[in-house]
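Here are the chains, one letter per residue:
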Amino acid sequence: MTSRKRQASDSLLPVRSAKYQRTEENQGIWQRWRQLGTDAFTLGYETVRLGYLSFMNSSRKPGVSQAVSQQSEKPNQNGSLPSQTTYPASLPRLPIPEEFHKPKDSQPVTGHSQLSSSLPSCSESSNALNGNGNSPPSTLTGHTSVTPPVPSTSKGHIQPSHSYDFIGCSAHGRAVVGGIRHRRSRDHIYARVHKAKVQEDRKKDREELVQELFHYKRSTGYTSDFDSFKSLINYQARLEILERHALSPSPSLTDLRAKQPLPGRSRRHSFSDDVDPDFLERALRKAKKSFELPPPKPFSPSHDRLRLSARHRDEAIEKRLRPKLPKVLPPDADTQVNTLLCKKGVISKVARESVNDRDLSRLLPSQWLNDEIMNFYGAMILTRSESNRDPTAKRKILDVHYFSTFFWPKLKNEGYEQGRLAKWTKKIDIFSKDAILIPINHNNSHWTGAAINFRRKRIESYDSMNLDRHQVFKVLRSYLDSEHRNKRKKPFDFTGWQNHNPEDTPQQENGYDCGVFTCQFLESLSRGEEEFHFSQRDMAYLRRRMIWEIGHAKFLDGP
């Protein structure tokens, strides 16, 4: 019996359904055009977005790359998730796998995306990041949808704050994810020799510049040695820096002095002290300019000129006849000074002030004076003024009041009301005094003397560095008005008052004698002296003399 298969009554069904079901004649073509438009729109959107993120990352600091966290969005009409993965700006474009285009009925994959499975290996990605990859440009034909990986703490998965695995595999990727990895550079074999040579050249240039400036100063009357001149230059530079910072100008203002171009050959300097090249160049140009000035024009003296010249000659004769300060103390006084310097503990007391051995050692050569020495010397001036009221005395002593060194900081920083300065004069009337003596410490670096002279109707400032002290006049005028309003209940009358800053004030020639100059200024003013008869050459004698006077709590008789 032959077995034959019975023919099927119906035709065989297709193995799989058609890709696009055609219910009408042209429905498949329109569906394909619609898919192509969706793909083109998605490609343009992803291109613009990645370009914007690359621009934002490149505008940050160089070498700093940050991985942007991945975010998921809701599925679109096609059932896929738009990619939210952001690549660092330094990563190049990677090839898109061919199987990236998925059919419409495919389901989204959880965990690692299809793209991560077809990404290059660690070595390939490293080459791509370094610019050595020869990958062809990618063409996106489907949706650029990537499902973000599931966060996991295991070593095989990526943390949510990082990008793909291939980034962490490469050295550049580790720098991107974990921050900048600084590569330690090796110095040149002759780096130390070169640095030593540069330092030596800079030191040599500095010495030549200072020597040249020293010769110019010597020709204009400078009398001290070269070491004292170097300390003076350092001190002047430091005071200039402190004065510039004390003004605290607006950041928008331009420092014209710093921007001023230097004529001639530029010098290289790197100093350990406060002297900078601009300061030395300015000082040298100023010294040279004084020699380049043309000589004054000849003139025929008038009668007033002749009288003024005769007066100057008389003053010069009187000055020569006036006894000069001796070079050393008398032998017995000098021995007592050595004994005082060997003592320990409290050396002397006057009124509320006291001085110990550490304070007294500040009067040794090349030392700055502290508040204890300044206030003790001022207390001696005040005690002498209160005890010597005899008008027939040999040496006339003015009725003065001495403010301590703490008066000026309170007045300048806190003001009259906030500093409660009215209590400082609760038991005295400053307007009945001949003069008010005030020691001033500028920026904790320089001592100067100031006085309110009621006899001469002057506000006076005496600076051994001859710096501009307009702020002293302004603050003291404000104090006078506030004190007068507090005590006399009306404003102070400044009619006829002047700011006095004499040009012939003795000048120091080093960086440490400002305190001694200030003490001598105030002591001379307390005796009514209009001129000062000491100079830099007398500082060694005056320091020894002040030791004797402080140790005995009285002033030494004689010049």
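Just so we're clear, the structure is a prediction, and the values are computed from it rather than from any experiment.

S.K.: With reference to specific residues and values, describe the state of the cysteines.
M.R.: Two cysteines form a disulfide when their sulfur atoms are joined by a covalent bond. Within this structure, the stated rule accounts for zero disulfides. This cysteine, C514, is not joined by any disulfide, and C519 carries the nearest cysteine sulfur, 9.8 Å off.

S.K.: Help me get a handle on the environment of S535, residues and values and all.
M.R.: By the element assignment, S535 lies in the loop between helix 17 (514–526) and helix 18 (539–552). Residues S535 and S464, spaced 71 residues apart in sequence, show a C-alpha to C-alpha distance of 9.9 Å.

S.K.: Tell me what's going on with the packing of helix 17 against helix 18, and back it up with residues and numbers.
M.R.: Close contact between helix 17 and helix 18 brings their axes to 11 Å; oriented N to C, the two are set at 70°. By the angle between their axes, helix 17 is roughly perpendicular relative to helix 18. Taking contact as the criterion, the partners of V516, F517, C519 and Q520 in helix 17 are, on helix 18, M539, L542, R543 and M546. Across the contact of helix 17 with helix 18, the residue classes break down as six nonpolar, one polar and one charged.

S.K.: Give a detailed account of the sheet that holds strand 6 (residues 458–462), specifying residues and quantitative values.
M.R.: Strand order in the open sheet formed by five strands is 3-4-5-6-7, with mixed pairing between adjacent strands. Each end of this open sheet is capped by a strand with a single partner; those strands are strand 3 (400–402) and strand 7 (498–500). Geometrically, the sheet is characterised by an average inter-axis angle of 20° between neighbouring strands, direction not taken into account. Contacts between helix 13 (residues 371–387) and the sheet are confined to strand 3, strand 4 (435–442) and strand 5 (446–453), with strand 3 contributing the most and set at about 160° to the helix. Contacts from helix 17 reach strand 3, strand 4, strand 5 and strand 6, with the element oriented near 15° to strand 5.

S.K.: Tell me about the side chain of S385, and name the residues and values.
M.R.: Note on placement: S385 falls in helix 13. On the basis of relative accessible area, S385 is assigned to the buried category, the value being 1%. Leaving out residues up to four positions away in the same chain, S385 has contacts with I397, L398, D399 and V400.

Calculation criteria
- Residues numbered from 1 in each chain as written.
- Predicted model: local features only at pLDDT ≥ 70, side-chain atom pairs only at ≥ 80, totals over all residues.
- Heavy atoms only, no water.
- Disulfide = S-S within 2.5 Å.
- Helix = DSSP H or I, 4+ residues; strand = E, 2+ residues; numbered from the N terminus.
- Axes fitted to C-alpha atoms, helices over the stretch in contact; angles between N-to-C directions.
- Parallel < 35°, antiparallel > 145°, perpendicular 65-115°, else oblique.
- Contact = heavy atoms within 4.5 Å.
- Nonpolar A, V, L, I, M, F, W, Y, C, P; charged D, E, K, R; others polar.
- Pairing = 2+ DSSP bridges.
- Buried < 20%, exposed > 50% of the residue type's maximum accessible area, 1.4 Å probe, protein only.

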